[in-house]
Amino acid sequence: MISDEDSSDESELSEDDDNRTIFLFVISLNKKIVDVISDILRLDADSSDPIRLIINSRGGNTNGMFALYDVMRTCRCQLTTIGIGDILSASVLILAAGTKGHRFIGPSATIMTHQVKITTDKGSIEYINTQLSLWRRHEKNWVNAMVRATGRPRHEIEFLNSTNNDVYLTPRQCIDLGIADHLLHDGDNDNAEEPYTY
């Protein structure tokens with residue numbers, strides 16, 4: 001997960017009504033995340049056909065991440081998530097929150113997770129304690145959400161955030177941990193099977 005300070009306004013959102021595909025290139029609590037949430041709710045209400053959420057994100061606001069996650073949990077139709085490029089920080093949970101069996105990761109993708117980041121270098125003791133309480137709550141909620149999404153034991157998910165360092169995963173490790181289900185394609189392997197249909 002990532003703090004407000006790490007979020008960027010250099011985001012782009014595109015949605016195609018014909019194929020029910022939404023492109024997400026940042027996760028932050030701004031107009032873009034509102035648009036993504038609005039599109040998911042509208043497409044879910046319009047039809048039971050699958051929705052595809054294509055993610056290429058360096059992360060963003062923790063509250064934005066949880067807002068999108070909560071809406072994804074209410075989605076009645078199949079919600080396919082496809083991770084390409086950067087799947088960093090907050091976007092790891094968004095990838096994992098797709099419909100099980102329909103979560104894809106690009107073989108060239110970079111996947112990284114880390115502890116919730118906060119910056120509290122000033123303020124009263126009461127303010128700092130409040131921020132620490134909020135940090136603990138976000139961390140607990142993230143672990144709970146990842147356990148639910150991946151089906152992995154709690155200790156495995158907690159281990160991902162047990163260090164102050166960023167934890168990088170390969171696409172295969174991402175699948176082994178239940179964050180994704182399939183490789184989008186098998187890379188440059190000439191003997192690879194046909195890619196999965198999503």
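Please read all numbers here as calculations on a predicted model, not as lab measurements. (Residues numbered from 1 in each chain as written. Predicted model: local features only at pLDDT ≥ 70, side-chain atom pairs only at ≥ 80, totals over all residues. Heavy atoms only, no water.)

Focus on the overall build of the chain
Item 1. The helix and strand inventory of the chain stands at six helices and eight strands.
Item 2. Mapped in sequence order, the helices and strands of the chain form the string β-β-α-β-α-β-α-β-β-α-α-β-α-β.
Item 3. Each of the 198 residues in the chain was classed as buried or not, and the buried ones make up 45%.
Item 4. Of the contacts formed within the chain by residues at least 6 apart in sequence, a portion of 69% connects residues at least 24 apart. (Helix = DSSP H or I, 4+ residues; strand = E, 2+ residues; numbered from the N terminus. Buried < 20%, exposed > 50% of the residue type's maximum accessible area, 1.4 Å probe, protein only. Contact = heavy atoms within 4.5 Å.)

Focus: helix 2 (residues 62-74)
Item 1. The first and last C-alpha atoms of helix 2 sit 19 Å apart over 13 residues, in line with the 18 Å expected at 1.5 Å per residue.
Item 2. All buried positions along helix 2 are accounted for by Thr62, Gly64, Met65, Phe66, Leu68, Tyr69, Val71 and Met72. (Expected span 1.5 Å × (residues − 1).)

Some details on the layout of surface pockets
Item 1. Roughly 160 Å³ of volume is contained in the second largest pocket.
Item 2. Taken together, 14 residues make up the lining of the second largest pocket; nearest its centre are Met72, Arg73, Ala97, Gly98 and Thr99.
Item 3. At the level of secondary structure, the elements contributing two or more residues to the lining of the second largest pocket comprise helix 2 and helix 4 (125-150).
Item 4. Residue contributions to the lining of the second largest pocket peak at three residues, all from helix 2.
Item 5. Grouping the amino acids of the lining of the second largest pocket by side-chain chemistry returns eight nonpolar, two polar and four charged. (1 Å grid on protein atoms, 1.4 Å probe; cavity = no way out; pocket = protein on both sides within 12 Å on 5 of 7 lines; lining within 4 Å. Points joined across faces, edges and corners; volume = space filled by probe spheres on them. Nonpolar A, V, L, I, M, F, W, Y, C, P; charged D, E, K, R; others polar.)

Concerning the confidence of the model for the chain
Item 1. This prediction gives the chain a mean pLDDT of 83; 80% of its residues lie at or above 70.
Item 2. Averaged pLDDT values over the elements of the chain bottom out at 44 in strand 1 (residues 13-16) and peak at 98 in strand 5 (residues 103-105).
Item 3. The low-confidence segment residues 1-17, where pLDDT is below 50, has 52 contacts with residues more than four positions distant or belonging to other chains.
Item 4. Predicted confidence for residues 190-198 stays below pLDDT 50, and this span has 15 contacts to residues more than four positions away or in other chains. (pLDDT = per-residue confidence, 0-100.)

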